[in-house]
Amino acid sequence: MRDRMAMIILETLEEACREQGMEMLWEAPVVKFADARDAGFVRLKELVGADHYLPRDYLADAASVLAYFLPFRREIGRGNQGGELASAAWAEAYLVTNRLFPLVNGALIRAIETLGFSACQPTDAGMISLEEPSSRWSQRHVAYLAGHGTFGLNNMLISDRGCMGRYGSIVTTLPVDPDPIPTEERCLYKARGICGLCAERCVVGALRRDGFDRMKCLAQCMVNDAKYPGADVCGKCMVELPCSHMMK
Ligand code: B12
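Everything numeric in this text was worked out from a predicted model, so none of it was measured. (Residues numbered from 1 in each chain as written. Predicted model: local features only at pLDDT ≥ 70, side-chain atom pairs only at ≥ 80, totals over all residues. Heavy atoms only, no water.)

Peer 1: Describe the site of the ligand, listing the residues and the values that go with them.
Peer 2: Residues in close proximity to the ligand total 34 residues, the closest being Ala125, Ser135, Gln139, His141 and Asn155. Between Cys234 and the ligand, the recorded distance is 2.9 Å, taken from a backbone N or O atom to an oxygen atom. Counting only elements with at least two residues in the shell around the ligand, the list comes to α2 (39–47), α5 (88–114), α6 (139–145), β6 (165–172) and α9 (214–227). Looking at the shell around the ligand element by element, the count peaks at four residues for α6. When the residues that make up the shell around the ligand are grouped by side-chain class, the tally is 21 nonpolar, nine polar and four charged. (Near = heavy atom within 4 Å. Polar contact = N/O pair within 3.5 Å; in protein donor to acceptor, adjacent residues only side chain to side chain. Helix = DSSP H or I, 4+ residues; strand = E, 2+ residues; numbered from the N terminus. Nonpolar A, V, L, I, M, F, W, Y, C, P; charged D, E, K, R; others polar.)

Here it is as structure tokens:
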């Protein structure tokens, strides 16, 4: 099931790139499942925000949440290393991936409906506001509950393929055994107190070993947004690091 869904994601991305004359920006996707009734989803109301959605808010008889990771090609990260501002390719990868999420989710939903079950794309999952840089459907925390990986010092979820990429998800009535949540820390700083490169790479000191200032980070992302309209990105804290690319 996971491989089949991963193939559908890859084929959808390849077809979109062919049709739009774009090059593929992603490595092979990773698909994992969470149990939609996992108490962890209720806990997200504490960890993320009191109005964080539960899977059943989207689908009354939700049984599982399919969470997927789209790893970016290494050269996109290499090109974004160094310098104050994000690279044009990094901003483009963000914009293109966000534009293709509905296409990918649509293909997954149709495939699940063909199997006789239903599925939907979580709505109202974007950034709440510039004053409240959080969400009501945190793709990382949902992916964490689906067993994708562990959080780095850089707040990124480190998947089997590393953290350099983007997460998406759909809620389904598909009865699938959930993937186990990894217990071994994948962040070298959290595991062994070494590395911490992400904090050194942060160009505005928003990310430090002793904490994260999300408003300072947001401000730098908006500096890039001014240069690349619609791309509130930076990414210096997730490229060309030991956690950027992994092969678990
Ligand atoms: C709001 C937002 C922002 C804000 C706030 C970032 C933040 N860390 O919350 C700003 C504008 C600053 C931002 C910046 C960036 N973002 Co942003 N952002 C989002 C958005 C829309 C919502 C995030 C959210 O809900 N945060 C809620 C708070 C609570 O999260 P948090 O504080 O990090 O959570 C911590 C605690 O929960 C803590 N924790 C404490 N106790 C416990 C206990 C348990 C059990 C657990 C699980 C966790 C936990 O661990 C978490 C990590 O430290 C998501 C998309 C989505 N809908 O999910 C993308 C998202 C998080 N962003 C992403 C990215 C890539 C970035 C940037 C690199 C910019 C870029 N694209 O170039 C930077 C990196 C900033 C950073 N180092 O944190 C990706 C992350 C992918 C990944 N590999 O993990 C996401 C998931 C988008 C996507 N669809 O892939 N972003």
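Right, picking up where we left off after that structure.
Peer 1: Explain the packing of aromatic side chains to me, and be specific about the residues and the numbers.
Peer 2: Counted under the stated rule, the structure contains seven aromatic pairs. Between Tyr144 and Phe151 the ring centres are 5.9 Å apart and the planes differ by 35 degrees, which places this aromatic pair in the tilted class. An aromatic cluster is defined as three or more aromatic residues linked by ring pairs; in this entry it consists of Phe41, Tyr53, Tyr58 and Trp137. (Phe/Tyr/Trp six-rings, centres within 6.5 Å; stacked < 30°, edge-to-face > 60°.)

Peer 1: I'd like to hear about a negative patch on the surface, residue by residue, with values.
Peer 2: A cluster of acidic residues, Glu11, Glu14, Glu15 and Glu19, forms a negative patch on the protein surface. By the element assignment, Glu14 lies in helix α1 (residues 2–20). Looking at Glu14, the relative accessible area reads 32%, which means it is partly exposed. (Patch = residues over 30% accessible without salt bridge, like charges linked within 9 Å, V, L, I, M, F, W, Y side chains within 5 Å. Areas by Shrake-Rupley, 256 points an atom, 1.4 Å probe, with all protein chains shown as cover. Salt bridge = Lys/Arg side-chain N within 4 Å of Asp/Glu carboxyl O. Lys, Arg positive; Asp, Glu negative; His and termini not counted. Charge placed at Lys NZ, Arg CZ, Asp CG, Glu CD. Buried < 20%, exposed > 50% of the residue type's maximum accessible area, 1.4 Å probe, protein only.)

Peer 1: Pulling in residues and values, what's your account of α5?
Peer 2: For α5, spanning 27 residues, the distance from its first C-alpha to its last is 39 Å, which sits close to the expected 39 Å at 1.5 Å a residue. At Leu100, α5 shows its maximal bend, which comes to roughly 35 degrees, and the proline Pro102 appears one to four places after that position. (Expected span 1.5 Å × (residues − 1). Bend = angle between axes of the 7 residues up to and from the residue.)

Peer 1: So what's going on with the sheet that holds β6? Residues and values would help.
Peer 2: Whether parallel or antiparallel, the strands of a sheet pair through hydrogen bonds between backbone atoms. Strands sit in the order β1-β2-β6-β3 across an open sheet of four strands; the sheet is antiparallel. Strand pairing shows two members of the sheet lacking a second neighbour, β1 (30–35) and β3 (119–120), which therefore form its edges. Direction of pairing for β3 relative to β6: antiparallel, over a ladder of two bridges. Across the sheet, Ala119 pairs through a bridge with Thr172, a residue of β6. Relative to β1, α1 is tilted by about 130 degrees, and along the sheet it contacts β1 and β2 (64–71). (Pairing = 2+ DSSP bridges. Contact = heavy atoms within 4.5 Å. Axes fitted to C-alpha atoms, helices over the stretch in contact; angles between N-to-C directions.)

Peer 1: Let's hear about the pairing of β1: which residues, and what values?
Peer 2: Judged by how many residues are buried, β1 sits mostly within the fold: five of six residues are covered. Pairing between β1 and β2: six bridges, direction antiparallel. Note on β2: the bridge partner recorded for Asp35 is Ser64.

Peer 1: Which residues make up the nonpolar core, and what values do they have?
Peer 2: In terms of nonpolar packing, the biggest core is built from 54 residues, with Trp26, Leu66, Tyr68, Trp90 and Leu108 touching the most fellow members. Of all the secondary structure elements, the ones that give two or more residues to this core are α1, β1, β2, α5 and α8 (197–201). For this core, the element with the highest residue contribution is α5, accounting for 13 residues. Each residue touching Trp26, except ones within four places of it in the same chain, is listed here: Leu13, Cys17, Leu70, Pro71, Phe72, Arg73, Val96, Thr97 and Leu100. Ala62, Val65, Cys120 and Phe151 belong to the second largest nonpolar core, which has 23 residues in total. (Core = buried A, V, L, I, M, F, W, Y, C linked by side-chain atoms within 4.5 Å.)

Peer 1: Can you lay out the pattern of salt bridges for me, pointing to particular residues and giving the numbers?
Peer 2: Counted according to the given criterion, the structure contains 10 salt bridges. Measuring nitrogen to oxygen at the nearest pair gives 2.9 Å for the salt bridge that ties Asp179 to Arg2. Of this pair, Asp179 sits in the loop between β6 and α7 (188–192) while Arg2 sits in helix α1, and the two are 177 residues apart along the sequence. The exposure class of Asp179 is buried, given its relative accessible area of 15%. Residue Lys32 pairs with Asp160 through a salt bridge whose shortest N-O separation is 3.0 Å. Here Lys32 is found in strand β1, whereas its partner Asp160 is found in the loop between β5 (157–158) and β6, with 128 residues between them in sequence. The pair Lys32 / Asp160 is uniform in exposure class, with both members buried. One salt-bridge network, in which partners are shared between bridges, spans Lys32, Asp160 and Arg186.

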